[in-house]
Amino acid sequence: MINVESFARAFDRAVVERPADDGLFGPGSLVWRVHRDRSFLLAGVRSLMMQALHPLPMAGVAQHSTWQTDPFGRLAATGGYILAVTYGDRSTANQAAARVRAIHTHVRGTDPATGLAYRADDPHLLLWIHAALVDSIVKVVLRYGTALSTAEADEADQYVAEMVPFAEIIGVPREIVPSSTSGLAAYIESVDLLQATPAAQEAIRIVLDPPRLDLATLDLWHDLGQVAAGTLPAWAREMYGFPEPAQELMERESVRQLIGAIDFAFESLPGVLEARERIELRMRAGHA
């Protein structure tokens, strides 16, 4: 059984009742609104698929983490970090980033697929992780969410610009972080080392077919994984060998029903509904 309670605890801890300040973004930001969208989990799965296509950070994960034996433990840790930086006050966000930066100083080695050396604290590798995350969030929320309006073309650009501190806090110089959707697309197209290495294939196999899930949850997760793969650009699907997605699988209404079913189960966990209510109250206050 997946330890989804760890996600719930991370969410509850990140949204404290009495924060010292509004954090890096604040309740009036698009970052708060977008990261509250129910399609965020789907975006997260897509971002893992994109991130894994860069062989150097993927080698770091494969060689220096418990990913294969405890995939959901790592996902919970990553999710907790994103929540802390998004919704935490400045002290919480800075402490979370400092812990990750400290871990990164010890993660280095050689990627067996390319023969290239890597360091997890390399700003250019961190930039790829950031860009893959932001691109996935924009693409998925525009297609299946409600937090970004397709009628407001500048909302996606505003979100990408607001997310620059998300990269900066982890060690990426501000001047190299894309601050628009066009800049983000140009950066992703410029990275020429991408490939589905054996480590990437193994990692995504575990993401798509994780161990210790009950059958009902596994069915939902398989469907979510297929949709996430279907949202990838064609070149990324080809690298993994994923087939062209069926049109009915990718229809907005059916995907939103799938997202709703998964989110309903998440919201029933202890502390999640209360944390979401705290977010909503602070967001309303921020727009008052």
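Being a predicted model, the structure only gives us computed values, none of them experimental.

**Student:** Teacher, can you tell me more about the overall build of the protein here?
**Tutor:** From N to C terminus, the protein includes 15 helices and two strands. Its C-alpha atoms give the protein a radius of gyration of 18 Å, near enough to 19 Å, the size a compact globule of 288 residues would have. Across its three principal axes, the protein shows a C-alpha extent of roughly 55 × 40 × 40 Å. Every one of the 288 residues in the protein was classed for burial, and the buried ones make up 48%. Nonlocal contacts in the protein, meaning residues at least 24 apart in sequence, comprise 76% of its contacts between residues at least 6 apart. Of the roughly 13,600 Å² of accessible surface on the protein, 55% is carried by carbon and sulfur atoms. Separation between the mean location of the 25 positive side-chain charges and that of the 36 negative ones in the protein comes to 5 Å.

**Student:** Could you clarify how one ought to interpret the side chain of H54 in this entry?
**Tutor:** Positionally, H54 belongs in the loop between α3 (40-51) and α4 (55-64). With relative accessibility at 7%, the residue H54 sits in the buried group. Look past the residues within four positions of H54 in its chain and what remains in contact with it is L125, W128, V191, L193 and L194.

**Student:** Mind showing me how you'd approach the pattern of salt bridges here?
**Tutor:** Side-chain pairing between opposite charges can occur once the charged atoms of the two side chains come close. Across all of its chains, the model carries 12 salt bridges by this definition. Note that D263 and R276 form a salt bridge whose closest N and O atoms lie 2.6 Å from each other. Of the two residues, D263 is situated in helix α14 (residues 252-267) and R276 in helix α15 (residues 272-287); the sequence distance between them amounts to 13 residues. Accessibility classification places D263 together with R276 in one group, the buried group.

The rules we used
- Residues numbered from 1 in each chain as written.
- Predicted model: local features only at pLDDT ≥ 70, side-chain atom pairs only at ≥ 80, totals over all residues.
- Heavy atoms only, no water.
- Helix = DSSP H or I, 4+ residues; strand = E, 2+ residues; numbered from the N terminus.
- Rg over C-alpha atoms; globule rule 2.2 N^0.38 Å.
- Buried < 20%, exposed > 50% of the residue type's maximum accessible area, 1.4 Å probe, protein only.
- Contact = heavy atoms within 4.5 Å.
- Areas by Shrake-Rupley, 256 points an atom, 1.4 Å probe, with all protein chains shown as cover.
- Lys, Arg positive; Asp, Glu negative; His and termini not counted.
- Charge placed at Lys NZ, Arg CZ, Asp CG, Glu CD.
- Salt bridge = Lys/Arg side-chain N within 4 Å of Asp/Glu carboxyl O.

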